[in-house]
Amino acid sequence: MSPSDLFIGNQRGPFDLALKGGSVVLPDATVETTVYVKDGTIAAIGGQADAARTIDCTGLTILPGVIDTQVHFREPGAEENENLESGSRAAVLGGVTGVFEMPNTKPTTSTPEAVADKLARAKGRMWCEHAFYVGATVDNADQCGELEKLPGTAGIKVFMGSSTGSLLVSEDSMLERVLKSGQRRVAIHAEDETRLKERMGERIEGDPSSHPVWRDDETALRATTRVLHLARKTGRRVHVLHITTPAELVLIAQHRDVASCEVTPQHLTLAGEEAYARLGTLAQMNPPIRSGAHREGLWYWVSQGLPDVIGSDHAPHDKEAKARTYPASPSGMPGVQTLLPLMLNHVAHHRLTLRRLVDLTSAGPQRLFGLVRKGRIAVGYDADFTIVDLKAQWTIKENWLASRCGWSPFTGDTVTGRPVGTIIRGHQVMWEGTLADKAVGEPFRFDATDRPAG
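What counts as what
- Residues numbered from 1 in each chain as written.
- Predicted model: local features only at pLDDT ≥ 70, side-chain atom pairs only at ≥ 80, totals over all residues.
- Heavy atoms only, no water.
- Helix = DSSP H or I, 4+ residues; strand = E, 2+ residues; numbered from the N terminus.
- Contact = heavy atoms within 4.5 Å.
- Buried < 20%, exposed > 50% of the residue type's maximum accessible area, 1.4 Å probe, protein only.
- Pairing = 2+ DSSP bridges.
- Expected span 1.5 Å × (residues − 1).
- Polar contact = N/O pair within 3.5 Å; in protein donor to acceptor, adjacent residues only side chain to side chain.
- Axes fitted to C-alpha atoms, helices over the stretch in contact; angles between N-to-C directions.
- Parallel < 35°, antiparallel > 145°, perpendicular 65-115°, else oblique.
- Left-handed = near helix turned anticlockwise from the far one by under 90°.
- Nonpolar A, V, L, I, M, F, W, Y, C, P; charged D, E, K, R; others polar.
- Salt bridge = Lys/Arg side-chain N within 4 Å of Asp/Glu carboxyl O.
- pLDDT = per-residue confidence, 0-100.
- Core = buried A, V, L, I, M, F, W, Y, C linked by side-chain atoms within 4.5 Å.
- Domains from an automatic or database assignment.

Asks: Outline the environment of V302, listing residues and values.
Replies: Secondary-structure assignment places V302 in helix α12 (residues 292–303). In this structure, the C-alpha to C-alpha distance between V302 and V420, residues 118 residues apart in sequence, is 26 Å. Those residues in contact with V302 that sit more than four places away from it in its chain are L268, P307 and R356.

As structure tokens, then:
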């Protein structure tokens, strides 16, 4: 009997599934080994044992399941753009095993009934794991501490600046009430509403490149400064979404005990000087795509250990709406399916290491939000895996996209690194672009809301 057999002990098998021969990204190293799955959890790493099913992963890399911590799936209220089924289908086709979905739906996800409705809609329809943010409003500000405890919720989301939908908490007094109610990390869309109103004249009709002039650096920095002050005052942790300016990261770096942050693949990939001329309103989002200098500044802070997570801010609108003349065109772009391909391409071009990518997309979400049994390849954790070919060079084509909006700003781009398989709790939900027979996504569990059985 080998030492590995002794370590497996009474878990020698037979196992349900073996992922064999791949390069497995473990918390401390990347090793070529076999991962065994039993009853939806990781049962053993290494050794030799029997399994009911084996997947040959030779030449492939096995990552912990990728988690996208910011998506807008538009259900209920705007299903012509996306719904929970189509959005989650796009997710698993892109190698994403779980998502946090945002509350700016119609009606807004701001009550226990609205959360229950989304969970009911998701059951049997969502392909990936999921949690739903509760939107803070002037009406529920003092109840956020109770709302954040609801099972299946990712926490509270605050819109400090107006964007898609009707959720808005723009005044410091109201924001302070939200931060005083509850304990979990609060997600923040940080744009200053007063400055947005003051600068509406900066928008030039028919010129989407004026979007970042209107929603300028100061609009973002002012809101981030305000929320960090209130986080310090109330002792509440905040999570600043879709950072676009290096100046915000300089500030957040000084408040790491109360602040975490996110950046998106599009802000790390696109530069306004080129994007608006080529894509027009397809490049329009909030906060906006900024200059190449901004993009390089974000990459500098990635190398310094900021930000904490990558979120796609998947926010689809149909082509007809996006074709309206700016500024009548809506802000937002799809991204959940292209998050991993874009970031793998950055790995291939040595912008970041594979281990840093795993921290941004798996370990980081688990650490920040207290996900139960997610975020790493370790015995006892859920058997969630994203399997990729790091060397595959391919072109993102429209017929690969599953979002109901039917487009991507990255259509036609050639990238290196391709999602090959998506496995969730031991279920192979996607392999080589083919989906399983049924959706198996379940609500995420969080330390803050979980009640262990027994």
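Asks: Account for the pairing of strand β15 (residues 414–424), naming residues and giving values.
Replies: On any regular strand, side chains alternate: one points to one face of the sheet, the next to the other face. Here β15 lies mainly inside the structure; 9 of its 11 residues are buried. Where strand β14 (residues 385–395) meets β15, 8 bridges bridge the pair, whose relative direction is antiparallel. Its bridge partner being in β15, W394 is matched across the sheet by V415. Here β15 runs beside strand β16 (residues 427–431); their pairing, made up of 4 bridges, is antiparallel. Each residue of the ladder has a partner; that of I423, found in β16, is Q428. With antiparallel pairing between neighbouring strands as the criterion, β15 and β16 make up a hairpin whose turn holds 2 residues, including R425 at a positive phi of roughly 50 degrees.

Asks: Tell me what's going on with α12, and back it up with residues and numbers.
Replies: Helix length check: α12, at 12 residues, gives a terminal C-alpha distance of 17 Å against a target of 16 Å (1.5 Å per residue), a fit within 8%. Listing the buried residues of α12 in full gives G292, H294, G297, L298, W299, W301 and V302. Two or three places before A293, at the opening of α12, S291 has a side-chain oxygen 3.3 Å from that residue's backbone nitrogen. After α12 finishes, the residue G305 shows a positive phi value of roughly 95 degrees.

Asks: Can you lay out the packing of helix α14 (residues 339–348) against helix α15 (residues 354–369) for me, pointing to particular residues and giving the numbers?
Replies: Here α14 crosses α15 at 150 degrees, and the two axes come no closer than 10 Å. It follows from the interaxial angle that α14 and α15 lie roughly antiparallel. As α14 runs across α15, the sense of the crossing is right-handed. Of the residues in α15, those touching α14 at L339, L340, M343, L344 and V347 are L354, L357 and T361. Each residue belonging to the contact of α14 with α15 can be placed in one class, and the counts come to 7 nonpolar, 1 polar and no charged.

Asks: Can you tell me about the pairing of strand β5 (residues 61–64), naming the residues and giving the values?
Replies: Across 2 bridges, strand β1 (residues 15–25) lies against β5 in parallel orientation. In the sheet register, S23 faces β5, and the bridge partner there is T61. One ladder, built from 4 bridges, connects β5 with β14; its direction is antiparallel. Bridge pairing links I62 to I387 in β14.

Asks: How would you sum up unusual backbone geometry? Please name residues and give values.
Replies: The amide bond that connects K106 to the next residue, P107, takes the cis arrangement and shows omega of 0 degrees. Cis geometry marks the peptide bond from Y326 to P327, where omega comes out at 10 degrees. On the secondary structure map, P327 appears in the loop between α13 (319–322) and α14. The backbone of R373 sits at a positive phi, close to 60 degrees, despite the residue not being glycine. Here R373 shows up in the loop between α15 and β14.

Asks: A description of the pattern of salt bridges should follow, citing residues and the corresponding values.
Replies: Taken as a whole and assessed by the stated rule, the structure comprises 34 salt bridges. Between E146 and K149 there is a salt bridge, and its shortest N-O distance comes to 3.7 Å. When its relative accessible area of 55% is taken as the criterion, E146 is described as exposed. With its nearest N and O atoms 3.3 Å apart, the salt bridge here joins R295 to E296. By relative accessible area, E296 is classed as partly exposed at 34%. Salt bridges linked by common partners bring E129, R373, K374, D382, D384, R425 and E442 together as one network.

Asks: With reference to specific residues and values, describe the confidence of the model for the chain.
Replies: In the predicted model, the chain carries a mean pLDDT of 95, and the fraction of residues at 70 or more is 95%. Taken together, the stretch residues 1–10 has pLDDT below 50 and engages in 10 contacts with residues farther than four places along the chain or on a different chain.

Asks: Could you give an account of the nonpolar core, with specific residues and numbers?
Replies: Ranked by internal contacts, the top residues of the largest apolar core, which has 74 residues, are V99, I156 and V158. Residue-level mapping places this core at the junction of two domains, with at least three residues from each of domain 1 (15–62 + 380–435) and domain 2 (63–369). Here V158 is in contact with A136, V169, L175, V178, V186, A187, I188 and H189, once residues within four sequence places are set aside. Of all hydrophobic cores here, the second largest spans 18 residues; its members include I42, I55, I377 and I387.

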